[in-house]
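# Summary of structural features
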Amino acid sequence: MTLDPSVLARVQFAFTVSFHIIFPTISIGLAAFLVVIEGLWLKTKQPLYLEIYRFWLGIFAMGFGVGVVTGIVLSFEFGLGFAKFGQMAGPAIGPMIALEVLTSFFLEAGFLGIMLFGLHRVGPKLHFVATCMVSFGTLMSASWILSANSWMQTPDGITVENGHVIVTDWWKVVVNPTWLYRLPHMLTAAFLTASFLVAGVGAWYLLKGRHEAFGRRTVSLGTAFATILIAVQVFIGDILYGKMLEYQPSKMQAAEGFWEQQSESPAPYYWFIIPDQANQVNRVAIGTPILGSIWLTHSLTGRVAGLKNTPQDRQPNMAMVFYGFRLMYGLAIVMFGVAISSLWLRWQRRLFEARWFLWLLVIMTPSGVLATLGGWYLAETGRQPWVIYGILRTVDAVSPVPANVLLSTLIAFVCVYALFMTAFLTFTFRMIRRGPEAAPAQAEASGSLKHALKPAVMSNAASHSSSPGE
């Protein structure tokens, strides 16, 4: 069997980035959730909020650590699998990656220790500042990474001379045509991920009859955030859809499953297809009549453009794009239904008693992660066959590395990452099973930084000297 280095390089990068994106998505969402929870604790002084904070802080810390380790690997993979991409696009991509480290990673690393271990040392207010800084750092990191990726999707502010990118306008490189739309879409996805994660764990406790105060509060907060966020996400997604149709029409044509240059009128909306890329037809297509015209053209008779509008050698793989989009959008529809159900049950005062709804929340716990992966596959497979859209093809960006080397490193990544995922899931499930009361407690701060930072030996000596009988 002959191994294709370009295919192996793509598979390797797809695997590692798919694994990595899970953890920043969780970290971004949970960091923002922890800011809200600690703010509520400072405002109300309710111990329950501190209990919620301690519980989710442990899971956040584990996810953050795994995300950092797997993110570093991606930088090395540019050289391992796509050296020609680095040689050509380095002047544009390199500074953005460096700025992500300098402005975001250092900020997160600087305040993470205070966030994890400093409540009893620096006081509640300064600790809250640390939590805000870590959360802000995750947002900054996402901003730089999405800027770099969006530039690859819709490059701007550059010229190409002798096979190298020359930056002519840094503002257009960073604030490229789709970044302002893709960034809020990604951040909202991260917040939704945390909302369903928090609500799902709370629902599980209520179903088991354990930690009911914790469960009620987290279900209430999680569903409330999800209800607002899914409405915002649908609005942002519709705007982003229009922008991608403008800049990458082949991606959206493949996402809807149409081949003809203009579909029939009215157009159906396809839910399931078996595409034949070679013959440019669908062998099987199951959809809802007229819905395609209504949904995609906002009219009863509108026609939808198909993938034949793009030359065949520049078309993405329709099956991968179509089902990536269906995974993301299908879960978004279910999320919207859960949000509406939560409003109805909340109005009836049955939000915590409807067992069918609690089981639905448990099932939906990983839905944010799955929807994010679907959206990422849509973005990346829909850009093909380009690594820099319209400028550099993926096959031309691959490193001159033997196929057996790429295969061996791919196997090594799969094995190591399987250990990472096993450790993370084991730690998370163990924390959930033990419950919030088992989360490591942090002593209440005295409010005095000088007193909190006194060496323990001095404090012990003072206590011994003042104790009765000495």
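Below is a short write-up of the structure. These figures come from a predicted structure and were not determined experimentally.

Rules of the game
Residues numbered from 1 in each chain as written. Predicted model: local features only at pLDDT ≥ 70, side-chain atom pairs only at ≥ 80, totals over all residues. Heavy atoms only, no water. Helix = DSSP H or I, 4+ residues; strand = E, 2+ residues; numbered from the N terminus. Rg over C-alpha atoms; globule rule 2.2 N^0.38 Å. Buried < 20%, exposed > 50% of the residue type's maximum accessible area, 1.4 Å probe, protein only. Contact = heavy atoms within 4.5 Å. Areas by Shrake-Rupley, 256 points an atom, 1.4 Å probe, with all protein chains shown as cover. Pairing = 2+ DSSP bridges. Core = buried A, V, L, I, M, F, W, Y, C linked by side-chain atoms within 4.5 Å. 1 Å grid on protein atoms, 1.4 Å probe; cavity = no way out; pocket = protein on both sides within 12 Å on 5 of 7 lines; lining within 4 Å. Points joined across faces, edges and corners; volume = space filled by probe spheres on them. Axes fitted to C-alpha atoms, helices over the stretch in contact; angles between N-to-C directions. Parallel < 35°, antiparallel > 145°, perpendicular 65-115°, else oblique. Nonpolar A, V, L, I, M, F, W, Y, C, P; charged D, E, K, R; others polar. Salt bridge = Lys/Arg side-chain N within 4 Å of Asp/Glu carboxyl O. Phe/Tyr/Trp six-rings, centres within 6.5 Å; stacked < 30°, edge-to-face > 60°. Polar contact = N/O pair within 3.5 Å; in protein donor to acceptor, adjacent residues only side chain to side chain.

Let us look at the overall build of the protein. For the protein, the count of helices and strands is 17 helices and six strands. Over its C-alpha trace the protein gives a radius of gyration of 25 Å, about what one expects of a compact globule, namely 23 Å for 470 residues. Each principal axis of the C-alpha atoms in the protein carries an extent, and together these give about 95 × 60 × 45 Å. Residue burial in the protein is summarised as follows: out of 470 residues, 48% are buried. The long-range share in the protein, meaning contacts at least 24 apart out of those at least 6 apart in sequence, stands at 78%. Counting every atom, the protein has about 22000 Å² of accessible surface; 68% of that belongs to carbon and sulfur.

The subject of this paragraph is the pairing of strand β1 (residues 158-161). Along a regular strand, successive side chains alternate from one face of the sheet to the other. Where β1 meets strand β2 (residues 164-167), four bridges bridge the pair, whose relative direction is antiparallel. Across the sheet, residue valine 160 finds its bridge partner in β2, namely valine 165. Between β1 and β2, which pair antiparallel one after the other, the connecting turn spans two residues, and asparagine 162 there sits at a positive phi close to 55°.

Our focus in this paragraph is the nonpolar core. Core analysis: the biggest nonpolar cluster contains 80 residues, and Leu30, Phe55, Trp56, Phe60, Phe85 and Trp151 have the highest contact counts within it. The element that contributes the greatest number of residues to this core is helix α1 (residues 5-44), accounting for 16 residues. Look past the residues within four positions of tryptophan 151 in its chain and what remains in contact with it is Ala89, Ala92, Ile93, Met96, Asp156, Ile158, Val165, Val173, Asn176 and Ile388.

Glancing now at the layout of surface pockets. Size it by volume and the largest pocket reaches roughly 1400 Å³. Every element with two or more residues in the lining of the largest pocket is listed here: α1, α2 (47-81), α3 (83-117), α5 (124-153) and α13 (367-383). In terms of residue count, α1 provides more of the lining of the largest pocket than any other element does, 14 residues in total. By volume, the second largest pocket is sized at about 820 Å³.

Take the environment of glycine 382 next. Turning to its location among the elements, glycine 382 is positioned in helix α13. Here glycine 382 falls in the buried class, since its relative accessible area comes to 0%. What glycine 382 contacts, discounting residues up to four positions off in sequence, is Ser250, Lys251, Pro316, Val321 and Tyr377.

Packing of helix α7 (residues 179-208) against α13 leaves a shortest axis separation of 7 Å and a crossing angle of 155°. Between α7 and α13, the angle is such that the two are roughly antiparallel. Here α7 contributes Arg182, Met186, Ala189, Thr193 and Phe196 to the contact with α13, which in turn contributes Ser367, Gly368, Val369, Thr372, Trp376 and Ala379. Along the lines of polarity and charge, the residues of the contact of α7 with α13 split into six nonpolar, four polar and one charged.

In the structure shown here, the tally under the stated rule is six salt bridges. Note that arginine 393 and aspartate 313 form a salt bridge whose closest N and O atoms lie 3.7 Å from each other. In this pair, arginine 393 is assigned in strand β6 (residues 392-393) and aspartate 313 in the loop between α10 (291-297) and α11 (318-347), connecting sequence segments 80 residues apart. The partner of arginine 383 in a salt bridge is glutamate 380, with the nearest N and O atoms 2.8 Å apart. Linking arginine 383 with glutamate 380, this pair stays in helix α13, spanning three residues, or about one helical turn. Residues arginine 383 and glutamate 380 agree in their burial class; the two are buried.

Tallying each qualifying case throughout the model produces 26 aromatic pairs. With 4.7 Å between their ring centres and 40° between their planes, phenylalanine 19 and tyrosine 417 make a pair best called tilted. One end of the pair, phenylalanine 19, is in helix α1; the other, tyrosine 417, is in helix α15 (residues 403-434), with 398 residues separating them in the sequence. Taking relative accessible area as the criterion, phenylalanine 19 reaches 8% and is therefore assigned buried. Accessibility expressed as a relative area gives 2% for tyrosine 417, which makes it buried. Relative to tyrosine 270, the ring of phenylalanine 258 lies with its centre 4.9 Å away and its plane at 40°, an arrangement referred to as tilted.

Here the bond from serine 265 into proline 266 is cis, since omega is -5°, no more than 30 degrees from zero. Positionally, proline 266 belongs in the loop between α9 (249-256) and β3 (269-276). The residue after glutamine 384, namely proline 385, is reached through a cis peptide bond having omega 10°. Positive phi is not limited to glycine here, since lysine 45 has a value of about 65°. Of note, lysine 45 is situated in the loop between α1 and α2. What makes lysine 45 exposed here is its relative accessible area of 52%.

The next thing to look at is the packing of α2 against helix α8 (residues 212-247). Following both chains from N to C, one finds α2 and α8 inclined at 80°, their axes separated by 10 Å at the closest point. The pairing of α2 with α8 is recorded here as roughly perpendicular in orientation. Facing α2, whose interface residues are Leu48, Tyr49, Glu51, Ile52, Phe55 and Trp56, α8 presents Ala213, Phe214, Arg217, Thr218 and Leu221.

On to the side chain of glutamate 380, then. Given a relative accessible area of 17%, glutamate 380 falls into the buried group. In this structure the side chain of glutamate 380 is engaged in a polar contact, spanning 3.2 Å, whose partner is the side chain of glutamine 153. Excluding anything up to four places from it in sequence, glutamate 380 contacts Asn149 and Gln153.

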